[in-house]
Amino acid sequence: MGLFRTFVFLLVLYLLQGSNTSLVQLNNNGYEDIIIAIDPDVPEDEKIIEQIKDMVTTASSYLFEATEKRLFFKNVSILIPENWKENIQYRRPKHESYTHADVLVAPPTVPGRDEPYTRHFMECGNKGEFIHFTPDFVLGKKQNEYGPAGRVFVHEWAHLRWGVFDEYNEDEPFYKAKSKKIEATRCSTGISGMNRVYKCQGDSCISRSCRIDSQTNLYEKDCQFFPDKVQNEKASILFMQSIDSVVEFCSAKNHNREAPSIQNKKCDSRSIWEVISNSEDFNNTVPMVAPPPQPAFSLLKISQRIVCLVLDKSGSMASDNRLNRMNQAAKYFLLRIVNGSWVGMVHFDSSAYDKSQLIQIISSNERNKLSETLPTTASGGTSICSGIKSAFQMIKHSFHQTDGSDILLLTDGEDNTVSSCMEDVKQSGAIIHLIALGPSADQAVIEMTIITGGLHQLSSDQAENNGLIDAFGALASGNTDISQQDLQLESTGLTLTNDHWMNGTVIIDSTVGKDTFFLVTWGQQRPDISLWDPSGTLMGGFTVDTNSKMAYLSIAGIAKVGIWTYSLKKAQVSSETLTITVTSRASNSSVPPITMKAKMNKDTNSYPSPMIAYAEVQQGYFPVLGANVTAFIESQSGKMESLELLDNGAGADSFKNDGVYSRYFIAYRENGRYSLKVQAQGGTNAVTRSLRNPLNKALYIPGWVVNGEIEGNPPKPEVNEDTQTALESFSRTASGAAFVVSNVPTNSFPDVFPPSQITDLDAKTDEDQITLTWTAPGDDFDVGKVQQYIIRTSGSILDLRDNFDDALQVNTTDLLPNEANSKETFTFKPGNISEENATHIFIAIQSVDKSNLTSKVSNIAQVALFIPQADSSPDENPQNPSPGENHHNTGVNISTLVLSVVGSVVVVSIILSTTICILKKKKNVSRPSTGF
């Protein structure tokens, strides 16, 4: 149960994240509004709060020095779980929420693995999602394994804030260096240590030299790098910040570009400091003269949810069936919001009208009462500020403050007076969520959602796309426990003319089924509704609301697992738009449900820059692989584009098999808002990699070398990361936040989109040939087929990266490109490398499309021109430490060493004596005789 609750907390936070959820601001060199949230399942312990303060305080000083006196932590909010006891120091949050948490303090996702990590799956230089620390780590119980908490925080902050990656690689821990030796993957190479196989059984440990694998010509799988405890090297924090001397990031002058680190692979071999130096944080600050102040902390405690619906009933809402569609979606929201929430309602046109004071939702009675206050007619102008101010007054009337309350604002019109209440919104402490309906909804309100941390959703006038239902549904659950979160299984619609039927199926898997809810809407007349469960039983009992033109059915208990079939027959009308929405909740508190989250990489974009659509499919907190995932992107006028999202580690997808499905979006049709909806289907090919290590984490320290001997840490818990469990079939639907695109041309679209960068180029040698493999890009990023590939080689990685056009070109006449996302293979014999004393051949590819547009140069692959030699050292050193010792001495046994030395001296003495005797004898024999 405890493990599931950990999944629950992390998952709720994770599902609520948007494309830019952090509220952190940089002001006068200091980071403000950092949010550190404590998991409700963490047992109450005030030491955790104090340790968080200590961690951030020490981290601030460390960060200040590491960034050359530019950046520090100014103020931090600590979110206290609702189930902890009240304390006079705790205040109610304003905009702060679990949704916007930068750091999560929660139990480990896998028992026994307390590795600090940052969730980051976007491109180099893009911000991450959040940092995860476990309670044991925060309390200092894992310092031996990961180093001081403050230093680790700076390591993870670099991942989170600047989008850099680790300077090690657990999949490629060693590489063939230009020194013709095998080196540990690290930065900088000035960090010294030993490469050893270190095994312990009970109190007995054995250390031996690493052997070379005949297949890879690198060290064997069990070989590890043990750093020297005492060092002089200052870099790098993104390799091993736990070394006392390390106080800097690797820069261009000491960056190890040879190493197959994640940083090199994802950031074009640029150093950490080069990426940081190009960030907005760096460019907007100058070094400080005086030391920074210590961080300030606020303790905030989560409490009950307060929501006010602020609904537009102006005259424009009478067109395109907007008023009725809004009422359908609002009623759906009221039917699905969790018990215990407080809900009120305000209508507005040119004035505002309080229709219902705040009511606590206890049963269907309160839901029905609120539904009865929905607007029935549309008329008048649009005064958004009137509606918002009225909502503030309503909340203050009941709770004396608006801190932390939610304003759910729907509008379809423009209001040139919105700026008049912007300051009120800033000071309110409330969170403004905007649902923009149609192409004319006021753009200025977007600023309100940004400054308050609210969600921005879009629905077009195309009712069959079901945008309003999706938008209200995304806001219904709030920050509730995952067991009460609505998970959308289906959301679809169809406009019927000649065809009379809308038929389909919905899969209910075993991880959901509780409170399963079917909603059907129509535009004119009620259709015939038929629904069959997996056993073929026809389901009855739909509640029909003829006024709102909707019908719904809530399945009692746990819905049957399997395929549910529906059939909607339109009434005798010429044209009808029907939609169906299906939601459900977790069926069992001990089994985490399969979930999905959708987002774009940016909230705003300017043509022709590409965007990236992301969908994360998970069970609990582990990735679901092999799903079929499709994104639907709709413009504000209702034009729809679909994209198949991929988890192949190529193109827009940063990491293969991490459960994050990605694809470039470039099919811009107009300026303005766009919405995102993603559907996922899992069948027999879907699996979950349940024990995959998270990426972007602090490196586990296996031990230290002290005076030439290894002092080992407890071994890392062994898990089989390749374990995969087959999943049953499932379906999920999720909506992302709206985004805005500008500068789209109104006339013809010229070809401005080059092929995407190849990011997974790999090279292998076979005698005198090199075989390359990569994933094919497309004519336009990852769509279509490129015209040709340009492959070049060099003996210098920097020359190849910075002067690609001058490098030696490979003959690719016989290389015919395949369709995007296909696997490409090419074998060639390398030409002569011009660089003297070259030890490697570095290889890169550039793609060219039919308009002669070229891609970015690919990641750089390399092959070594030599076979390295292993370290020479004693082969095995068994150790039997004395009882009570805290570490295992893996050096050479002293008695054995003494006996070996004495024996060697004796043998050498005998050999020397014998040799002298023989030489003397020979000398006497050969000496000439003399006579007198």
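Residues numbered from 1 in each chain as written. Predicted model: local features only at pLDDT ≥ 70, side-chain atom pairs only at ≥ 80, totals over all residues. Heavy atoms only, no water.

Draft legend 1. Spotlight on the state of the cysteines. Under the counting rule described, the total for this entry stands at 5 disulfides. The disulfide partner of Cys124 is Cys267, and the S-S distance across this bridge is 2.1 Å. Classification of the bridge connecting Cys124 and Cys267 rests on its S-S torsion, roughly 105°, and on that basis the disulfide is right-handed. Here Cys124, found in the loop between strand 7 (117-119) and strand 8 (130-133), pairs with Cys267, found in the loop between helix 7 (262-266) and helix 8 (272-277); they are 143 residues apart in sequence, far enough to count as distant. The class of Cys124 is buried, set by a relative accessible area of 18%. In this model Cys187 forms its disulfide with Cys250; the gap between the sulfur atoms is 2.1 Å. A torsion of -115° about the S-S bond marks the disulfide between Cys187 and Cys250 as left-handed. (Disulfide = S-S within 2.5 Å. Helix = DSSP H or I, 4+ residues; strand = E, 2+ residues; numbered from the N terminus. Buried < 20%, exposed > 50% of the residue type's maximum accessible area, 1.4 Å probe, protein only.)

Draft legend 2. Main features of the sheet that holds strand 42 (residues 762-766). In spatial order, the strands read 42-43-46; together these 3 strands make up an open sheet with antiparallel pairing. The open sheet has two edge strands with one neighbour each: strand 42 and strand 46 (823-828). Across the sheet, the axes of successive neighbouring strands diverge by a mean angle of 20°, strand direction being ignored. Pairing analysis gives 6 bridges linking strand 43 (residues 769-775) to strand 46, with the strands arranged antiparallel. Note on strand 46: the bridge partner recorded for Thr771 is Thr827. (Pairing = 2+ DSSP bridges. Axes fitted to C-alpha atoms, helices over the stretch in contact; angles between N-to-C directions.)

Draft legend 3. Here's a closer look at the confidence of the model for the protein chain. Residues of the protein chain with pLDDT of at least 70 account for 89%, and the chain-wide mean is 89. Segment residues 1-19: pLDDT under 50, and 80 contacts once partners within four positions in sequence are set aside and those in other chains are kept. In the predicted structure, residues 879-932 sits below a pLDDT of 50 and forms 37 contacts with residues beyond four places in sequence or in another chain. (pLDDT = per-residue confidence, 0-100. Contact = heavy atoms within 4.5 Å.)

Draft legend 4. Quick look at the packing of helix 10 (residues 322-336) against helix 11 (residues 364-371). One way to put it is that helix 10 packs onto helix 11 with a least axis distance of 9 Å and a crossing angle of 165°. In terms of orientation, helix 10 and helix 11 fall into the roughly antiparallel class. Crossing of helix 10 over helix 11 shows right-handed handedness. Contact residues: Lys331, Leu334, Leu335 and Arg336 in helix 10; Arg367, Leu370 and Ser371 in helix 11. (Parallel < 35°, antiparallel > 145°, perpendicular 65-115°, else oblique. Left-handed = near helix turned anticlockwise from the far one by under 90°.)

Draft legend 5. Structural view of the packing of aromatic side chains. One pass over the full model with this rule turns up 30 aromatic pairs. Aromatic side chains Tyr664 and Phe781 sit 4.9 Å apart centroid to centroid with 40° between the ring planes, which places their arrangement in the tilted category. Placement of the pair is Tyr664 in strand 35 (residues 660-665) and Phe781 in the loop between strand 43 and strand 44 (788-794), with a sequence separation of 117 residues. Plain terms: the ring middles of Trp774 and Tyr789 are 5.1 Å apart, the flat faces sit at 85° to each other, and that makes the pair edge-to-face. With Trp774 in strand 43 and Tyr789 in strand 44, this residue pair connects regions lying 15 residues apart in the sequence. Taken together, Tyr607, Tyr664, Phe665, Tyr668, Tyr674, Phe739, Phe753 and Phe781 form an aromatic cluster joined through their ring pairs. Over the ring of Phe655 we find Lys266; its NZ or CZ atom is 4.7 Å from the centre of that ring. (Phe/Tyr/Trp six-rings, centres within 6.5 Å; stacked < 30°, edge-to-face > 60°. Lys NZ or Arg CZ within 6 Å of the ring centre and 35° of its normal.)

Draft legend 6. Region of interest: the nonpolar core. Among the nonpolar cores identified, the biggest contains 71 residues, and Ile38, Phe153, Trp162 and Phe249 are the most heavily contacted of them. Top contributing element to this core by residue count: helix 2 (residues 46-66), with 9 residues. Counting residues in each nonpolar core, the second largest holds 41 residues, with Met600, Val629, Ala631 and Leu645 among its members. (Core = buried A, V, L, I, M, F, W, Y, C linked by side-chain atoms within 4.5 Å.)

Draft legend 7. Examining the pairing of strand 18 (residues 406-411) more closely. In terms of burial, strand 18 is a largely internal element, 6 of the 6 residues being buried. With burial as the criterion, each face of strand 18 is covered, one bearing Asp406, Leu408 and Leu410 and the other bearing Ile407, Leu409 and Thr411. Bridge count for strand 15 (residues 306-312) against strand 18 is 5 bridges, and the pairing is parallel. If you follow Leu311 over to strand 18, its bridge partner there is Leu410.

Draft legend 8. Quick peek at the side chain of Ser271. Locating Ser271 in the fold gives a position in the loop between helix 7 and helix 8. Separated by 3.4 Å, the side chain of Ser271 and the backbone nitrogen of Ala252 make a polar contact. Beyond its immediate chain neighbours, meaning those up to four positions away, Ser271 contacts Cys250, Ser251, Ala252, His255 and Gln263. (Polar contact = N/O pair within 3.5 Å; in protein donor to acceptor, adjacent residues only side chain to side chain.)

Draft legend 9. Region of the structure containing helix 15 (residues 467-476). The buried count for helix 15 comes to 9 of 10 residues, which makes it a mostly enclosed element. Listed as buried for helix 15 are Gly467, Leu468, Ile469, Asp470, Ala471, Phe472, Gly473, Leu475 and Ala476. One or two residues past the end of helix 15 sits Gly478, with phi positive at roughly 60°.

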